[in-house]
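Residues per chain are reported as follows:
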Amino acid sequence: MDEADESLLEALLAGEHRALARVISKIENRSPGYRDLVSELYAHTGNADVIGITGSPGAGKSTLVDKLAEAYRERGETVGVIAIDPSSPFTGGAVLGDRIRMASTVGDMDVFVRSMSARGTLGGLSTATADAVKAMDAFGKDKIIIETVGAGQNEIDIVRTADTVAVLVPPGSGDDIQTLKAGILEIADVFVVNKADREGADRTVQELREMVHLGEESGLAGGGGHHGVDAMDGDGAGWGDADEDSAEGEDKSWTSPIVETIATKGTGVDTFIDELANHRSYLVESGAHAEKVRQRYAEEIRTLLREDVHALLEDELADSGGIDDLAEAVRQGETDPYTIATDVLAPVEACVENMAADADDTDQA
């Protein structure tokens, strides 16, 4: 890492918001040296509580995030917000960068809001987002809130980045409830029916409660998913015993609570915060948090390897005449894609085999 990046890192760790902004920009732009910078951040991470907020467009995510940040500040906690916006087809940057609905904390230096582009990633979360979370964590933010573009099957990528995921559902959204069954049930640690003063809110809450029960019975929200749902208490929330006959303290699992809020008025926000805290406690006390962190790092390693191998293969393709020339050769019947892939991978495989052989020689020595 060069001297300029070392100074930037020192400034970030010293709590300078301008340095935090510059580091995130460096990360998002994939500027030279960003990898060394992110590598240095890891030693200073692991203290922040990372919360993911997702839901269908119009559910009121930005307004609720604004009130959530305001409530955390009133409790004396610092907040970082990463708002993942749709990518501009022209610049690749965030389209909704002004975040005009997040106004309650404007001027509060302990609430740092950053818009980032989804950059075409299927789940709406790019690798840069996870790195930006590390920057905020190393900076010392107590709570880091990630607000994502929308909801759908592809949105489950947020699970890999956030400790707790809240899914917002607008009232009277019967079609949305049906959509949730496609995958969002498995990622929601907390359901939020926002705009609860509108007609249909009670019905939406009841439909969600029934859906969670059905998910529990079918195993959709069981141990193999984001969290376990093995029991439901009377309110449809919190901890539950997987087996009434099990020993006390064993086989505990989490059942997604359903919270009603009116974000524009701040109604229900404290209850929402309490449920987020309950889930955090569950993760730590059950050991699930450590497992989530291991899975997160495993996915990061896979992602980085995919990116690096892809870059290596692009270089090999260029050395072989470029992808267009190779495609033309296939069109002319001179070769086929499988043969090309084998030829391009051959030097990479040889390199890996040589590394493995060297490692064996070292172990034997």
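See the structure shown above.
Residues numbered from 1 in each chain as written. Predicted model: local features only at pLDDT ≥ 70, side-chain atom pairs only at ≥ 80, totals over all residues. Heavy atoms only, no water.

**Q** Explanation requested: the pairing of strand S6 (residues 190–193) in the structure shown.
**A** Across a regular strand the side chains alternate sides, sitting on one face of the sheet and then on the other. Residues of S6 alternate between two faces, with Val190 and Val192 on one and Phe191 and Val193 on the opposite face, all of them buried. The pairing of strand S5 (residues 164–169) with S6 spans 4 bridges and is parallel. Looking across to S6, one finds that Leu168 is bridged to Val192. Relative to strand S9 (residues 258–260), S6 runs parallel, the two sharing 3 bridges. When the bridges of S9 are listed, Phe191 appears paired with Ile258. (Buried < 20%, exposed > 50% of the residue type's maximum accessible area, 1.4 Å probe, protein only. Helix = DSSP H or I, 4+ residues; strand = E, 2+ residues; numbered from the N terminus. Pairing = 2+ DSSP bridges.)

**Q** Would you mind going over helix H4 (residues 61–74) with me for this structure?
**A** Residues spaced three or four apart along an α-helix point in a common direction, a consequence of the helix completing one turn every 3.6 residues. With 14 residues, H4 should cover 20 Å at 1.5 Å per step; its first-to-last C-alpha distance of 20 Å lies within 8% of that length. In terms of burial, H4 is largely enclosed, as 11 of its 14 residues are buried. Three or more residues of H4 are buried, namely Lys61, Ser62, Thr63, Leu64, Val65, Asp66, Lys67, Leu68, Ala69, Ala71 and Tyr72. (Expected span 1.5 Å × (residues − 1).)

**Q** Would you explain the environment of Val81 in this entry?
**A** Checked against the element boundaries, Val81 lands in strand S2 (residues 79–85). Look at Val81 and you get buried, because its relative accessible area is 0%. Linking Val81 and Lys141, residues 60 residues apart in sequence, is a C-alpha distance of 9.8 Å.

**Q** Would you take a moment to explain the pairing of strand S4 (residues 143–147) for this structure?
**A** Within S4, 5 of the 5 residues are buried, leaving the element largely enclosed by the surrounding structure. Side-chain alternation along S4 places Lys143, Ile145 and Glu147 on one buried face and Ile144 and Ile146 on a second face that is also buried. Bridge count between strand S1 (residues 49–55) and S4: 5 bridges; the pairing is parallel. Paired with Val50 across the strands is Ile144, a residue of S4. Across 5 bridges, S2 lies against S4 in parallel orientation. Residue pairing across strands places Val79 opposite Lys143, the latter belonging to S4.

**Q** What exactly am I supposed to notice about the packing of aromatic side chains here?
**A** Between two aromatic rings, the relevant description is the distance of the centres plus the angle of the planes. Throughout the structure, instances matching the rule amount to 2 aromatic pairs. Judged by centre distance (6.0 Å) and plane angle (55°), the ring pair of Tyr42 and Tyr297 falls under tilted. Here the residue Tyr42 occupies a position in the loop between helix H3 (34–41) and S1, and Tyr297 occupies one in helix H10 (residues 288–319), the gap between them amounting to 255 residues. (Phe/Tyr/Trp six-rings, centres within 6.5 Å; stacked < 30°, edge-to-face > 60°.)

**Q** Before we go on, may I ask you to explain unusual backbone geometry in this structure?
**A** Note: most residues except glycine have negative phi, and most peptide bonds are trans. A positive phi angle, close to 55°, is found at Arg30, a residue other than glycine. Secondary-structure assignment places Arg30 in the loop between helix H2 (17–28) and H3. On the basis of relative accessibility, which here comes to 28%, the residue Arg30 falls in the partly exposed class.

**Q** Whenever I open this one, the side chain of Thr129 confuses me. Can you help?
**A** Summarising the element assignment, Thr129 is placed in helix H5 (residues 127–139). On the accessibility criterion, Thr129 (0% relative accessible area) is buried. Excluding residues within four positions of it along the chain, Thr129 makes contact with Ile82, Ile84, Met116 and Ile146. (Contact = heavy atoms within 4.5 Å.)

**Q** Mind showing me how you'd approach the pattern of salt bridges here?
**A** When charged atoms on two side chains of opposite charge get close, those side chains can pair. Inspection of every chain in the model, using the stated rule, returns 20 salt bridges. Lys26 serves as the salt-bridge partner of Asp5, at 3.4 Å between the closest nitrogen and oxygen. Of the two residues, Asp5 sits in helix H1 (residues 3–13) while Lys26 sits in helix H2, which places them 21 residues apart along the sequence. In terms of burial, Asp5 and Lys26 fall into one category: buried. Arg203 is the partner of Glu207 in a salt bridge, and the nearest nitrogen-oxygen pair spans 2.9 Å. In this pair, Glu207 and Arg203 both sit in helix H8 (residues 201–218), 4 residues apart, roughly one turn of the helix. For Glu207, a relative accessible area of 21% translates into the label partly exposed. Linked through salt bridges whose partners overlap, the residues forming this network are Asp49, Glu77, Lys143, Asp163, Arg280 and Arg296. (Salt bridge = Lys/Arg side-chain N within 4 Å of Asp/Glu carboxyl O.)

**Q** Just to check I follow, could you spell out the packing of H3 against H5 for this structure?
**A** Between two packed helices, both the angle of their axes relative to each other and the distance between the axes serve to describe the pair. One way to put it is that H3 packs onto H5 with a least axis distance of 9 Å and a crossing angle of 50°. It follows that H3 is oblique to H5 by the angle criterion. H3 and H5 meet at a crossing whose hand is left-handed. The residues of H5 that touch H3, namely those facing Tyr34, Val38 and Leu41, are Asp131, Lys134, Ala135 and Ala138. Its residues placed into classes, the contact of H3 with H5 shows 5 nonpolar, no polar and 2 charged. (Axes fitted to C-alpha atoms, helices over the stretch in contact; angles between N-to-C directions. Parallel < 35°, antiparallel > 145°, perpendicular 65-115°, else oblique. Left-handed = near helix turned anticlockwise from the far one by under 90°. Nonpolar A, V, L, I, M, F, W, Y, C, P; charged D, E, K, R; others polar.)

All we've got here are geometric facts, nothing functional implied.
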